[in-house]
Amino acid sequence: VLHKKLGFDLILFESGLGEMEVLNLKKSELEPVELTTSFFGVWKTMEFEDLMTYIKSQNIPISGFDVQRSGQMFTNYLSERINNKETFLEAEKKFGSLISQLSNYRTVYDSVSAPTLQLIDVYEGIEAKLNKQDEFSERTLSNRIRFLTNMLDFSKTKDWSKRWRE
């Protein structure tokens, strides 16, 4: 076991940064099966639930490093802590629909430019009002802004190598 023999003291998953940070904050309150909710469906297995049981029993910190959303935990968490809840929930819906459009090579830049820039403005406004103690929420929104900016650039340039570099 890497945790006990080699002293690994954190597990990172390719999952949404915000979603995983919320799970980490709430892991003592959640059942192991609930700890799998912020992962893509392929990871919702008995073996993964066993891993979450171990993580919880050993109190091992977990985090994610993906800029994309992989569940609703962060959306629910942040919407309960900000004044403009409805604006944020609407932004999250738009984020979900824009991701698929921006990822499509056939998408025409002019069709996504205005809504993407508007969504970036909304996220920047929410980010500016966050409590500075809530660094992971700030970082999650910052990652979403950067992701949208990069994907909008991709819809304009169709430069695959730049898309994967950034």
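Here the structure is shown first, and the text comes after it.
Here the structure is a predicted model, which is why all the values come from computation and not from measurement.

*Asks:* Looking at this structure, how should I read the pattern of salt bridges?
*Replies:* Close approach of charged atoms allows side chains with opposite charge to pair. All chains considered together, the criterion is met by 3 salt bridges. Where Glu19 meets Arg144, a salt bridge forms, and the shortest distance between an N and an O atom there is 3.3 Å. Of this pair, Glu19 sits in helix H2 (residues 17–26) while Arg144 sits in helix H7 (residues 135–157), and the two are 125 residues apart along the sequence. Taken individually, Glu19 and Arg144 each receive the classification buried, so the pair is uniform in this respect. Note that Arg144 and Glu92 form a salt bridge whose closest N and O atoms lie 2.7 Å from each other. In this pair, Arg144 is assigned in helix H7 and Glu92 in helix H5 (residues 85–103), connecting sequence segments 52 residues apart.

*Asks:* Would you mind going over the environment of Gly41 with me for this structure?
*Replies:* Within the element layout of this structure, Gly41 appears in the loop between H2 and helix H3 (46–58). For Gly41 and Ser70, which are 29 residues apart along the polypeptide, the C-alpha to C-alpha distance reads 9.3 Å.

*Asks:* Help me out: how do you make sense of a nonpolar patch on the surface in this one?
*Replies:* A surface patch of nonpolar side chains, amounting to about 330 Å² of accessible area, comprises Leu2, Leu6 and Phe8. Structurally, Leu6 is set in the loop between helix H1 (2–5) and strand E1 (11–16). For Leu6, a relative accessible area of 57% translates into the label exposed.

*Asks:* Quick question: what am I supposed to make of the nonpolar core here?
*Replies:* Here is a general trend for soluble globular proteins: nonpolar side chains tend to be buried in one another's company. Judged by nonpolar contacts, the single largest core of 37 residues is most densely connected at Phe13, Leu23, Leu78, Phe88, Tyr123 and Leu141. Among the secondary structure elements, those contributing two or more residues to this core are H2, H3, helix H4 (73–79), H5, helix H6 (109–128) and H7. Considering each element in turn, this core owes the most residues, 8 residues, to H7. Apart from residues no more than four positions distant in its own chain, Leu141 is found in contact with Phe74, Leu78, Phe88, Tyr123, Ile126, Glu127 and Leu130.

Conventions we followed
Residues numbered from 1 in each chain as written. Predicted model: local features only at pLDDT ≥ 70, side-chain atom pairs only at ≥ 80, totals over all residues. Heavy atoms only, no water. Salt bridge = Lys/Arg side-chain N within 4 Å of Asp/Glu carboxyl O. Helix = DSSP H or I, 4+ residues; strand = E, 2+ residues; numbered from the N terminus. Buried < 20%, exposed > 50% of the residue type's maximum accessible area, 1.4 Å probe, protein only. Patch = residues over 30% accessible without salt bridge, like charges linked within 9 Å, V, L, I, M, F, W, Y side chains within 5 Å. Areas by Shrake-Rupley, 256 points an atom, 1.4 Å probe, with all protein chains shown as cover. Core = buried A, V, L, I, M, F, W, Y, C linked by side-chain atoms within 4.5 Å. Contact = heavy atoms within 4.5 Å.

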